[in-house]
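Descriptive structure summary
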Amino acid sequence: MIKVSSQPLRALGGDTVVYLVRQPESTAPACPDRQVSIYLEEVFSLGDFSGKADEKLLFYLPAASRGKGKSKSVRFLVVGLGSEDPDSELFRKSGGEIAKAVARLKVGKLRIQMIEEESGAHLAESAKALAEGLVLGTYRFDKYKGKESINGEEPKGIQEIIIHSSRAQALKKVVAHGEFAAMAVCAARDMANEPGNFWTPSDFARMGRELAEKHGLACKIIEKAAMKKMGMGGVIGVTQGSAQPPKMVVLEYRSSGRKAPTLLLVGKGITFDSGGISLKPGAGMEDMKYDMCGGAAVMAVMQAVAELKPGGVNVVGIVPATENLPGPEALKPGDVITHYNGKTVEVINTDAEGRLILADALAYGVDKFKPTAVVDIATLTGAAIIGLGHHRTALLSNDDTLAERLLAIGDNCGEPCWRLPLGEDYKKQLKSEIADLKNIGGREAGTITAAIFLQQFVGDTRWAHLDIAGTAWNFTEKSYIPKGPSGVGVRTLIELIMNWE
Ligand code: BES
Ligand code: ZN
Ligand code: ZN
């Protein structure tokens with residue numbers, strides 16, 4: 001738990017003290033601790049540290065320099081904030097930098113002095129981002145590594161983090177919010193990092209039940225037999241080649257407000273995507289264990305929602321989960337399936353499976369919960385990577401207000417999106433000769449036609465689709481975003497929910 005304290009840091013001990021400093025034009029960065037300031041002047045005159053953004057300086061004060069009237073700490077970390085007015089992203093990155101810098105040190109109490117010149121709202125945003133960066137930057141996944149493979153690189157851990165600010169009282173809530181959101185992101189990363197043989201549809205179901213039990217959410221698992229009965233031909237079709245039973249996890253959070261609107265979240269939970277009969281090439285196929293990142297994001301958001309308990313909004317999270325494998329009973333190109341809402345689909349390519357399972361989940365969710373708005377999140381198309389690379393999530397929506405909100409939130413929280421269009425012209429690419437739709441629309445505009453496919457299952461409900469194929473892993477590397485799965489979308493969706501009205 002990150003604590004916030006109003007005690008001035010200078011007067012306190014602690015094994016590790018962190019100062020965030022601005023970069024002045026041509027002098028050494030200033031610091032509230034006089035001794036540290038003197039030190040910084042010397043280092044500055046050597047040309048080694050000027051307070052540039054992302055610059056870090058770790059140093060130690062010998063016993064003779066500490067004590068009464070002097071600095072009380074041993075280990076100091078000074079992190080540069082640059083010369084521009086720092087935005088929340090810079091604080092998030094700084095949090096990540098701090099986490100990285102102390103990762104292999106044995107830190108009892110990590111005390112961080114928040115800069116004081118910020119205005120109130122700005123300060124709150126900055127402190128929240130700092131807390132997020134600290135938690136996100138600490139993330140590691142070593143579960144399947146033995147002591148030898150870790151090779152002395154195991155983190156010694158931080159026992160306690162305290163952020164110091166004269167306006168501590170005003171920061172308590174936002175810092176906790178940032179911490180919970182970041183912990184949810186880490187939970188999503190954990191699920192995604194698990195290999196396909198350790199994270200199956202049944203694990204989504206187990207986690208759903210655990211979350212429900214721990215936090216009092218309602219949880220329903222729709223099993224294969226029930227899916228068949230309800231006519232969920234998409235999930236049933238995709239799961240046919242797999243020995244693992246499919247699951248559809250439905251988690252419900254009810255806010256205390258009686259007549260609150262409902263927001264529906266749907267996440268793609270393909271725990272391994274081989275392509276099915278339209279088998280993918282072998283190179284890089286192992287990454288397709290990450291094809292459940294949308295589902296992981298929805299589970300993680302539900303965890304955070306249960307912890308943060310937003311008022312005035314009910315949230316339903318649905319994760320359709322299955323493997324996509326070839327097998328004697330697998331779905332074949334040319335097969336026709338019928339979805340929950342009665343629409344028929346000609347399956348041209350069994351590798352376009354995400355949309356098939358999402359179609360049932362969306363139609364079911366809209367039908368059962370009559371939501372005010374729906375957001376789905378999925379590693380849906382390779383075309384999203386071709387279009388936007390690994391730096392932005394593709395956003396498609398039938399509602400300008402919802403789209404603009406998501407764009408603004410994404411920009412602000414370091415999960416930027418880029419909106420692509422929908423429309424009748426593109427929809428023509430999905431015309432089938434023998435069914436209502438085909439499941440692919442050709443090479444051109446693959447991300448758009450995939451979204452338009454989904455759109456057929458939400459009716460007139462306000463809806464946004466996040467295609468995270470490019471950002472769910474290999475996302476722009478930063479101090480707080482690791483190489484592997486990023487947990488993208490979790491913080492954006494939490495922010496959307498916490499500010500829903
Ligand atoms: N899970 C993939 C999309 C994907 C590819 C995500 C690479 C992340 C990285 C999806 O199920 C898929 O295979 N889509 C096909 C659709 C095509 C057959 C129309 C694709 O994008 O190639
Ligand atoms: Zn696929
Ligand atoms: Zn897939």
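Described in the following lines is the structure provided in the data block. (Residues numbered from 1 in each chain as written. Chains lettered and ligands numbered in written order. Predicted model: local features only at pLDDT ≥ 70, side-chain atom pairs only at ≥ 80, totals over all residues. Heavy atoms only, no water.)

**Observations regarding the site of ligand 1**
Taken together, 17 residues lie around ligand 1, and Lys-280, Asp-291, Asp-351, Glu-353 and Gly-382 are the ones closest in. Take Lys-268: an N or O atom from its side chain is 3.2 Å from an oxygen atom of ligand 1. Measuring from an oxygen atom of ligand 1, one finds a side-chain N or O atom of Glu-353 at 2.8 Å. Out of a free accessible area of 510 Å², ligand 1 has 80% covered by protein chains. The residue makeup of the shell around ligand 1, split by class, is six nonpolar, four polar and seven charged. (Near = heavy atom within 4 Å. Polar contact = N/O pair within 3.5 Å; in protein donor to acceptor, adjacent residues only side chain to side chain. Areas by Shrake-Rupley, 256 points an atom, 1.4 Å probe, with all protein chains shown as cover. Nonpolar A, V, L, I, M, F, W, Y, C, P; charged D, E, K, R; others polar.)

**Thoughts on the coordination of the zinc ion (ligand 2)**
Distances from the zinc ion (ligand 2) to its protein donors, Asp-273 (OD), Asp-351 (O), Asp-351 (OD) and Glu-353 (OE), fall at 2.0 to 2.2 Å. Coordination at the zinc ion (ligand 2) comes from six donor atoms whose angles at the metal span 70 to 166°, giving a geometry best classed as irregular. Counting the intervening residues between successive donors of the zinc ion (ligand 2) yields the motif D-x77-D-x1-E. Between the zinc ion (ligand 2) and the zinc ion (ligand 3), the interatomic distance is 3.2 Å, and Asp-273 donates to each metal, bridging them. The class for Asp-351 is partly exposed, based on a relative accessible area of 21%. (Donors = N, O, S within 2.8 Å, 3.2 Å for Na, K, Ca; no water. Tetrahedral: all angles 85-135°; square planar, octahedral: opposite > 155°, others 65-115°. Buried < 20%, exposed > 50% of the residue type's maximum accessible area, 1.4 Å probe, protein only.)

**What to know about the coordination of the zinc ion (ligand 3)**
Coordination sphere of the zinc ion (ligand 3), protein contribution only: Lys-268 (NZ), Asp-273 (OD), Asp-291 (OD) and Glu-353 (OE), at 2.0 to 2.4 Å. What the six donor atoms of the zinc ion (ligand 3) show is an angle range of 77 to 174° at the metal, which sorts the shape as octahedral. Of note, the zinc ion (ligand 3) draws all its donor residues from one chain, in the sequence arrangement K-x4-D-x17-D-x61-E.

**Structural notes on the sheet that holds strand S17 (residues 437-438)**
In space, the three strands of this open sheet follow the order S12-S13-S17, with mixed pairing throughout. At either end of the open sheet lies a strand with only one pairing partner, and these are strand S12 (336-338) and S17. Taken together, the two bridges between strand S13 (residues 344-346) and S17 define a ladder with parallel strand orientation. Paired with Glu-346 across the two strands is Lys-438, which belongs to S17. (Pairing = 2+ DSSP bridges. Helix = DSSP H or I, 4+ residues; strand = E, 2+ residues; numbered from the N terminus.)

**Looking at the nonpolar core**
Grouped together as the largest cluster of nonpolar side chains are 100 residues, with contacts concentrated most on Leu-20 and Ile-98. Split by domain, this core shows at least three residues from each of two domains, domain 1 (2-183) and domain 2 (199-498). For Ile-98, the contacting residues outside a window of four places in its chain are Val-18, Leu-20, Leu-77, Val-79, Leu-110, Ile-112, Leu-130 and Leu-134. With 46 residues, the next largest nonpolar core counts Ile-236, Val-266, Tyr-364 and Ala-378 among its residues. (Core = buried A, V, L, I, M, F, W, Y, C linked by side-chain atoms within 4.5 Å. Domains from an automatic or database assignment. Contact = heavy atoms within 4.5 Å.)

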